[in-house]
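Observations on chain architecture
Each chain, written out:
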Amino acid sequence: MVMKLKENKFVIKNIKVNAILNVIYTLVNMLFPLLTYPYISRILGATNLGKVNFFISVANYAILFASLGLNTYGIRAIAKVRDDKMKLAKTTKELITLNMYITIVVMVIYISLAVLVSKFRSNVPLVVINGIWIITTPLGMNWLYSGLEQYTYITKRTVFFKIVSLILIFVFVRTSSDYTNYAAILVFANVGAYFLNYLNANRIVPKYYKRDLEYKKHLKPTLILFASALAISVYTNLDMIMLGFIRGDKQVGLYTVAVKAQTVLLSIVNALSTVLLPRLSFYISQKRIKEFNRILRKSIAVILLLTISLSAFFIIVAPECIAILGGKGYEGAILSMQILMPILVISGFSNITGNQILIPQGKDVAFMKAVISGAVVAFLCNLILMEKYGAVGGSIATLIAEMTQMSIQVYYSWKVVHNNFSYQTVIKAVIATVIAVAVTILCNTILKIGAFGKIIMDGIIYYFCYILILKLLREEYFLELVNKILRRKKYGQRKNL
């Protein structure tokens with residue numbers, strides 16, 4: 001019993017550390033564009049920024065095809081064999097070799113497009129730069145490090161390359177014609193990390209020299225998850241490609257700035273969710289259902305408390321966010337950003353039903369059905385709405401697609417969701433958010449300050465009210481978090497004495 005208690009405390013502590021490291025990793029990835037976007041958007045302008053993001057979207061699709069579903073399946077596969085050195089080495093070799101073969105096929109298709117499509121032929125430097133990114137993808141192996149929960153290494157590596165890239169951008173991107181330099185620096189940050197990952201993998205995973213590699217057993221689950229990843233990508237990347245063809249580079253530039261704010265916030269939320277995938281997969285493989293449900297229950301509550309408040313707050317301060325990120329000429333992105341903000345709640349919950357329930361339980365087909373349905377809806381809505389409404393139409397299409405995916409995932413995971421969902425937490429979070437929004441808007445009629453100062457002041461007022469109301473309503477999971485923080489503070493004071 002004592003051993004079990006100690007193990008549970010260690011696991012919970014380890015999960016918290018991993019979650020914090022994954023949030024730091026995500027924050028670094030997100031702070032990088034936040035620091036550079038206000039500068040880049042003004043230097044390059046909406047048109048050249050749209051060109052760069054168009055080809056980045058194309059490269060993301062190529063990388064998606066080259067990786068199949070390894071970014072998700074690989075984490076689960078590695079997590080299951082992490083305690084067996086030989087199985088770990090064998091699985092790693094199988095997955096990276098499979099990734100390399102498929103990447104070669106993808107590169108042949110990519111080169112063919114570069115020759116046949118006029119939009120590619122007129123932007124050869126961007127085609128070459130992103131081609132380097134695509135061909136080095138197999139060296140990345142992020143699935144290996146996530147499956148082994150090596151978040152300390154991932155965070156350190158990311159911080160290093162982002163800092164170097166940040167310096168390079170301010171040195172080499174000075175005029176609107178430097179958009180190719182900007183694209184090259186973005187690719188450098190990824191390719192450099194890939195090479196470092198590959199070299200480090202040789203240190204942590206034993207060499208596997210036997211020839212009894214089993215590709216077929218990985219092919220079916222990776223293809224199922226690939227279909228899911230492709231469908232998700234339809235409304236995360238295809239919208240920009242469609243917008244580029246339908247309405248031109250300027251609308252892509254406006255949409256990019258609107259999406260950037262939403263992507264930053266959503267990535268932070270998803271960092272908390274994604275870090276639990278290897279742990280929950282391990283619990284399912286060991287049939288430890290009580291531990292699975294305990295972690296899942298807290299995860300749902302925390303994600304909802306965070307996303308409900310964030311989405312409402314950033315709808316209020318959307319004009320100021322766009323003014324900082326884009327500046328003059330990007331006012332058309334404000335409504336798009338406001339439409340996208342509810343996705344924080346929708347996609348945050350989808351991450352729970354997908355990454356924490358369906359995938360760890362091996363329900364890949366159910367997950368695939370949900371995201372393919374969302375992708376079809378996104379594609380059709382983009383066709384209908386983009387011609388007339390441009391970036392705003394793309395935002396509405398994305399919102400509808402996310403709602404579709406979430407609804408279907410909830411249907412397939414309803415039994416688990418129902419048993420671990422706190423309706424009281426949602427009601428209290430909504431009440432606290434409504435009051436906080438009302439107080440913040442009222443204060444805005446009195447305070448007249450600049451964009452950056454307004455975001456800071458609104459944030460202080462809004463979250464003071466939100467936290468105060470949650471405390472008055474005695475929200476269970478919020479109070480539990482506060483008590484833990486206070487206990488740590490008291491412990492630290494005693495230790496110092």
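Residues numbered from 1 in each chain as written. Predicted model: local features only at pLDDT ≥ 70, side-chain atom pairs only at ≥ 80, totals over all residues. Heavy atoms only, no water.

**Concerning the overall build of the chain**
Along the chain, the regular secondary structure elements total 21 helices and 0 strands. Sorting the 497 residues of the chain into buried and exposed places 55% on the buried side. Partitioning the contacts of the chain with sequence separation of at least 6, the portion at a separation of at least 24 is 85%. Surface accessibility of the chain: about 23100 Å² in total, with carbon and sulfur atoms responsible for 69%. (Helix = DSSP H or I, 4+ residues; strand = E, 2+ residues; numbered from the N terminus. Buried < 20%, exposed > 50% of the residue type's maximum accessible area, 1.4 Å probe, protein only. Contact = heavy atoms within 4.5 Å. Areas by Shrake-Rupley, 256 points an atom, 1.4 Å probe, with all protein chains shown as cover.)

**What about the environment of E94?**
Along the chain, E94 falls in helix 3 (residues 85-116). On the basis of relative accessibility, which here comes to 0%, the residue E94 falls in the buried class. A sequence separation of 119 residues divides E94 from L213, and the C-alpha atoms of the two residues are 6.0 Å apart. Residue contacts for E94: discarding those within four places in its chain leaves D212, L213, E214, Y215, K217 and H218. Polar contacts involving the side chain of E94 include one to the side chain of K90, which spans 2.6 Å. (Polar contact = N/O pair within 3.5 Å; in protein donor to acceptor, adjacent residues only side chain to side chain.)

**Here's the deal with the confidence of the model for the chain**
Mean pLDDT over the chain: 80, with 85% of residues reaching 70 or higher. Mean pLDDT across the elements of the chain ranges from a minimum in helix 21 (residues 476-496), with 59, to a maximum in helix 5 (residues 124-135), with 92. Predicted confidence for residues 1-13 stays below pLDDT 50, and this span has 8 contacts to residues more than four positions away or in other chains. (pLDDT = per-residue confidence, 0-100.)

**With respect to the packing of aromatic side chains**
In the structure shown here, the tally under the stated rule is 14 aromatic pairs. Residues Y39 and F170 carry aromatic rings whose centres are separated by 4.9 Å and whose planes lie at 55° to one another, so their mutual orientation is tilted. Taken together, the residues Y39 in helix 1 (residues 2-67) and F170 in helix 7 (residues 151-172) connect sequence positions 131 residues apart. The exposure class assigned to Y39 is partly exposed, which follows from its relative accessible area of 21%. Take F170: its relative accessible area is 34%, and that puts it in the partly exposed class. Put simply, the rings of F313, F314, Y462, Y463 and Y466 touch in pairs and so form one group of aromatic residues. Above the ring of F54, the side-chain terminus of K119 is found at 4.7 Å from the ring centroid. (Phe/Tyr/Trp six-rings, centres within 6.5 Å; stacked < 30°, edge-to-face > 60°. Lys NZ or Arg CZ within 6 Å of the ring centre and 35° of its normal.)

**Re the side chain of S67**
For S67, the position within the fold is in helix 1. Owing to a relative accessible area of 5%, S67 belongs among the buried residues under this scheme. Not counting residues within four places of it along the chain, the set of residues in contact with S67 comprises N99 and T137.

**Some remarks on the packing of helix 5 against helix 8 (residues 179-204)**
Helix-helix packing: each pair is described by the crossing angle between the helix axes and the interaxial distance. As a packed pair, helix 5 and helix 8 sit with axes 9 Å apart at the nearest point and diverge in direction by 10°. Here helix 8 runs roughly parallel to helix 5, going by the angle between their axes. Every residue of helix 8 that contacts helix 5 at P125, L126, I129, N130, I132 and W133 is listed here: Y179, T180, A183, A184, V187, N190, V191 and Y194. Residues of the contact of helix 5 with helix 8, tallied by class, amount to 11 nonpolar, 3 polar and no charged. (Axes fitted to C-alpha atoms, helices over the stretch in contact; angles between N-to-C directions. Parallel < 35°, antiparallel > 145°, perpendicular 65-115°, else oblique. Nonpolar A, V, L, I, M, F, W, Y, C, P; charged D, E, K, R; others polar.)

**Here's the deal with helix 5**
Helix length check: helix 5, at 12 residues, gives a terminal C-alpha distance of 16 Å against a target of 16 Å (1.5 Å per residue), a fit within 8%. Among the residues of helix 5, L126, V127, I129, N130, G131, W133 and I134 are the ones counted as buried. (Expected span 1.5 Å × (residues − 1).)

**A word on the nonpolar core**
Ranked by size, the top nonpolar core spans 108 residues in total, and within it W133, I134, Y182, F314, M337 and F349 carry the most contacts. Looking at this core element by element, the count peaks at 17 residues for helix 1. In terms of nonpolar packing, the next biggest core, distinct from the first, is built from 28 residues, Y73, L95, L148 and A375 among them. (Core = buried A, V, L, I, M, F, W, Y, C linked by side-chain atoms within 4.5 Å.)

**With respect to unusual backbone geometry**
Look at M141: it is not a glycine, yet its phi comes out positive at around 50°. Residue class for M141 comes out buried when judged on its relative accessible area of 4%. Phi angles above zero are rare outside glycine, and R474 is one such case at about 55°. By the element assignment, R474 lies in the loop between helix 20 (451-472) and helix 21.

**Notes on the environment of V159**
Positionally, V159 belongs in helix 7. Owing to a relative accessible area of 28%, V159 belongs among the partly exposed residues under this scheme.

**Topic: the pattern of salt bridges**
Evaluated as defined, the whole model comprises 3 salt bridges. Put simply, K90 and E94 hold a salt bridge, and the shortest N to O gap is 2.6 Å. With K90 and E94 both in helix 3 and 4 residues apart, this pair spans about one turn of that helix. Pair check on accessibility: K90 and E94 agree, each one buried. A salt bridge links K454 to E320; the shortest N-O distance between them is 3.6 Å. Taken together, the residues K454 in helix 20 and E320 in helix 13 (residues 318-325) connect sequence positions 134 residues apart. (Salt bridge = Lys/Arg side-chain N within 4 Å of Asp/Glu carboxyl O.)

**Some thoughts on the side chain of D364**
Tracing the chain through its elements places D364 in helix 16 (residues 364-389). If sequence neighbours within four positions are ignored, D364 has contacts with R76, P221, I224, L225, S228 and I359.

**Concerning a nonpolar patch on the surface**
There is a patch of nonpolar side chains on the surface, built from I372, V376, F379, L380, L383 and I384 and spanning about 530 Å² of accessible area. By the element assignment, I372 lies in helix 16. (Patch = residues over 30% accessible without salt bridge, like charges linked within 9 Å, V, L, I, M, F, W, Y side chains within 5 Å.)

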